[in-house]
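Structural characterization, general
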Amino acid sequence: MIFRADASEAESDKIPIRNNGLSPFGEEVVLEMNRLGMFVDLAHVSAATMKRALEVTRAPLIFSHSSARAITDHPRNVPDHILEMMVRKRPSLEGESS
């Protein structure tokens, strides 16, 4: 499943934000992808979506082609608070098995 949503548009108010993160269906999709052993790729999503996906997931997430926003300040890159959240969440994910 592929859905195109450009974070640079969403975070600049060019398009209306409907869920400020993930919709209930989006949360179900993350959990189903976890169950199936699929990677959830958060490249180019909004910071609110990154945060909610990290709160919901039961497996590690990836940013397949993003950089740290502190290095290159672009809306498609990952903010420091999200990277810190990933580090805090890591031990709980390492202890789980599917």
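First things first, this report covers the structure right here in the doc. What you see is a predicted model; the values in this text were computed from it and never measured.

Attention now moves to the nonpolar core. Ranked by size, the top nonpolar core spans 16 residues in total, and within it V40, L42, M50, L61, F63 and I82 carry the most contacts. Elements supplying a minimum of two residues to this core: α2 (24-36), α3 (47-56) and α4 (80-94). The leading source of residues in this core is α3, at four residues. Contact partners of F63, with chain neighbours within four places excluded, come to D41, L42, A43, M50, V78, I82 and M86.

Here R69 shows up in the loop between α3 and α4. A relative accessible area of 19% places R69 in the buried class. Only 3.0 Å separates the side chain of R69 from the backbone oxygen of N77, close enough to count as a polar contact.

Here the focus is the environment of F63. Among the structural elements, F63 can be located in the loop between α3 and α4. Residue classification places F63 among the buried residues on the basis of a relative accessible area of 16%. Along the primary structure F63 and D41 are separated by 22 residues, whereas in three dimensions their C-alpha atoms are 5.4 Å apart.

In this structure the tally under the stated criterion is four salt bridges. Across the pair R35 and E32 runs a salt bridge whose closest N-O atoms are separated by 2.7 Å. One end of the pair, R35, and the other, E32, are both in helix α2, three residues apart, so they sit about a helical turn from each other. In this structure, E55 and R52 form a salt bridge, with 2.8 Å as the shortest nitrogen-oxygen distance. Highlighted residues: E55 and R52, both in helix α3, separated by three residues, approximately one helical turn. By relative accessible area, which is 34% here, E55 ends up partly exposed. Exposure remark for R52: the relative accessible area of 28% places this residue in the partly exposed category. Shared partners join several salt bridges into a network, and the residues in it are E27, K51, R52 and E55.

Rules used in this analysis
- Residues numbered from 1 in each chain as written.
- Predicted model: local features only at pLDDT ≥ 70, side-chain atom pairs only at ≥ 80, totals over all residues.
- Heavy atoms only, no water.
- Core = buried A, V, L, I, M, F, W, Y, C linked by side-chain atoms within 4.5 Å.
- Buried < 20%, exposed > 50% of the residue type's maximum accessible area, 1.4 Å probe, protein only.
- Helix = DSSP H or I, 4+ residues; strand = E, 2+ residues; numbered from the N terminus.
- Contact = heavy atoms within 4.5 Å.
- Polar contact = N/O pair within 3.5 Å; in protein donor to acceptor, adjacent residues only side chain to side chain.
- Salt bridge = Lys/Arg side-chain N within 4 Å of Asp/Glu carboxyl O.

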